[in-house]
Amino acid sequence: MRVRDKVTIISGAGAGIGEAIALRFAEEGALVVLNDVRRESGEQVSGKIRSRGRPAELAVAGISQEEGARWITEVAMKAFGRIAVVVNNAADFTQKGIEAAERSDWERVPRHMLKRLGEPAEVANAALFLASDEASFITGAHLMVDGGYTAH
Ligand SMILES: NC(=O)c1ccc[n+]([C@@H]2O[C@H](COP(=O)([O-])OP(=O)(O)OC[C@H]3O[C@@H](n4cnc5c(N)ncnc54)[C@H](O)[C@@H]3O)[C@@H](O)[C@H]2O)c1
């Protein structure tokens, strides 16, 4: 178990990459505090983790508001009394509709299509490594997890 008993807050844990991170961390022994702005999604993922015999707390809140961040911290402290890792996964991701896309957006498409898309589990494994004792001498590093996309 690579993150045994590490209390880990994961924002946006109700779907996609955040869900994959939550499942992976729980599997590796973390005590996870899931955050999502959508209660139903959060409950689904916390239910999945608990059904596998691992603890999971849910803090429903939007992380862009200060009260949201405070609430998540409160839930974590009340449940586990400490916080070791914060995975800041949820963020506004601007996606334009087809009508609103500009020429430069379309020009990026063929380049993007040359490579495969990443799997949520691949991002989760990178986050797991950084939170584990294997990364004990790494601080403030930026780790690109993009299959080489930004190198082009
Ligand atoms: N999927 C990609 O290809 C990709 C690429 C680059 C960056 N990202 C970034 O990775 C993160 C996760 O992406 P994803 O594809 O898993 O997204 P997703 O839409 O599948 O899941 C995001 C989750 O976050 C929740 N959420 C949204 N806003 C929130 C808020 N303010 N507070 C709390 N929860 C909130 C949503 O309810 C949802 O459950 C995002 O920050 C995104 O910008 C994703």
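Scroll up to find the structure.
Keep in mind that this is a model prediction, so the values were computed, not measured. (Residues numbered from 1 in each chain as written. Predicted model: local features only at pLDDT ≥ 70, side-chain atom pairs only at ≥ 80, totals over all residues.)

Colleague: Before we go on, may I ask you to explain the overall build of the protein chain in this structure?
Modeller: Of the regular secondary structure elements, the protein chain holds five helices and four strands. When its helices and strands are written in sequence order, the protein chain yields β-α-β-α-β-α-β-α-α. Taking all 152 residues of the protein chain together, 32% fall into the buried category. Summarising the internal contacts of the protein chain: among those between residues at least 6 apart in sequence, 66% fall at separations of at least 24. (Helix = DSSP H or I, 4+ residues; strand = E, 2+ residues; numbered from the N terminus. Buried ≥ 20, exposed ≤ 12 C-beta atoms within 10 Å, placed from the backbone. Contact = placed C-beta atoms within 7 Å.)

Colleague: Mind showing me how you'd approach the packing of helix H1 (residues 16–27) against helix H5 (residues 120–131) here?
Modeller: In the contact formed by H1 and H5, the axes pass within 8 Å of each other and the chain directions differ by 50°. Here H1 lies oblique to H5, going by the angle between them. The chirality of how H1 crosses H5 is right-handed. Together, Gly-16, Ile-17, Glu-19, Ala-20, Ile-21, Arg-24 and Phe-25 of H1 and Pro-120, Ala-121, Val-123, Ala-124, Asn-125, Ala-127 and Leu-128 of H5 make up the contact between the two elements. Here the residues of the contact of H1 with H5 are counted per class, giving 10 nonpolar, two polar and two charged. (Axes fitted to C-alpha atoms, helices over the stretch in contact; angles between N-to-C directions. Parallel < 35°, antiparallel > 145°, perpendicular 65-115°, else oblique. Left-handed = near helix turned anticlockwise from the far one by under 90°. Nonpolar A, V, L, I, M, F, W, Y, C, P; charged D, E, K, R; others polar.)

Colleague: How do you make sense of H5 when you look at a structure like this?
Modeller: For H5, which comprises 12 residues, the first-to-last C-alpha distance of 17 Å matches the rise-based estimate of 16 Å (1.5 Å per residue) to within 8%. Those residues of H5 that sit buried are Val-123, Ala-124, Ala-127, Leu-128 and Ala-131. What you see down the axis of H5 is that its buried residues fit within an arc of 140°, all on one side. Considering only its buried residues, H5 is in contact with strand S1 (7–10), H1 and strand S4 (85–87). (Expected span 1.5 Å × (residues − 1). Arc of directions from axis to C-beta.)

Colleague: In this structure, what is going on with the pairing of strand S3 (residues 56–60)? I would like to understand it.
Modeller: On any regular strand, side chains alternate: one points to one face of the sheet, the next to the other face. Taking burial as the measure, the five residues of S3 include four buried ones, the bulk of the element. Judged from the five bridges that link them, strand S2 (residues 31–36) and S3 form a sheet pairing that is parallel. Paired with Leu-34 across the two strands is Leu-58, which belongs to S3. Between the parallel pair S2 and S3, the chain is carried across by helix H2 (residues 39–51), and the sense of this crossover is right-handed. (Pairing = 2+ DSSP bridges. Right-handed = clockwise from strand over helix to strand, strands pointing away.)

Colleague: Help me out: how do you make sense of H2 in this one?
Modeller: Every α-helical turn comprises 3.6 residues, leaving residues that sit three or four positions apart pointing alike. A rise of 1.5 Å per residue sets the reference length of H2, with its 13 residues, at 18 Å; its end C-alpha atoms lie 18 Å apart and thus fit the reference within 8%. Listed in full, the buried residues belonging to H2 are Ser-41, Gly-42, Val-45, Ser-46 and Ile-49. Projected onto a plane normal to the axis of H2, the buried residues spread over an arc of 125° and lie on a single side. In H2, those exposed residues whose orientation departs by more than 90 degrees from the buried face are Arg-39, Glu-40, Gly-47, Arg-50 and Ser-51. Here the buried face of H2 lies against H1, S2 and S3. Looking one or two residues beyond H2, the residue adopting positive phi is Gly-53, at roughly 80°.

Colleague: Any chance you could explain the packing of H1 against H2 here in plain terms?
Modeller: Packed helices, taken two at a time, are described by the angle their axes make and the gap between the axes. With their axes 10 Å apart at the nearest point, H1 and H2 run at an angle of 20° to one another. As judged from the angle between their axes, H1 and H2 are roughly parallel. The crossing of H1 and H2 is right-handed. Residues Glu-19, Ala-22, Leu-23 and Ala-26 of H1 lie in contact with H2, whose contacting residues are Val-45, Lys-48 and Ile-49.

Colleague: How do you make sense of unusual backbone geometry when you look at a structure like this?
Modeller: A negative phi holds for most residues other than glycine; trans holds for most peptide bonds. Positive phi, close to 60°, is recorded for Asp-5, a residue that is not glycine. Tracing the sequence through the fold places Asp-5 in the segment before S1. Assessed through the 11 C-beta atoms surrounding it within 10 Å, Asp-5 is described here as exposed.

Everything listed here is a matter of coordinates, which is why it stays silent on function.
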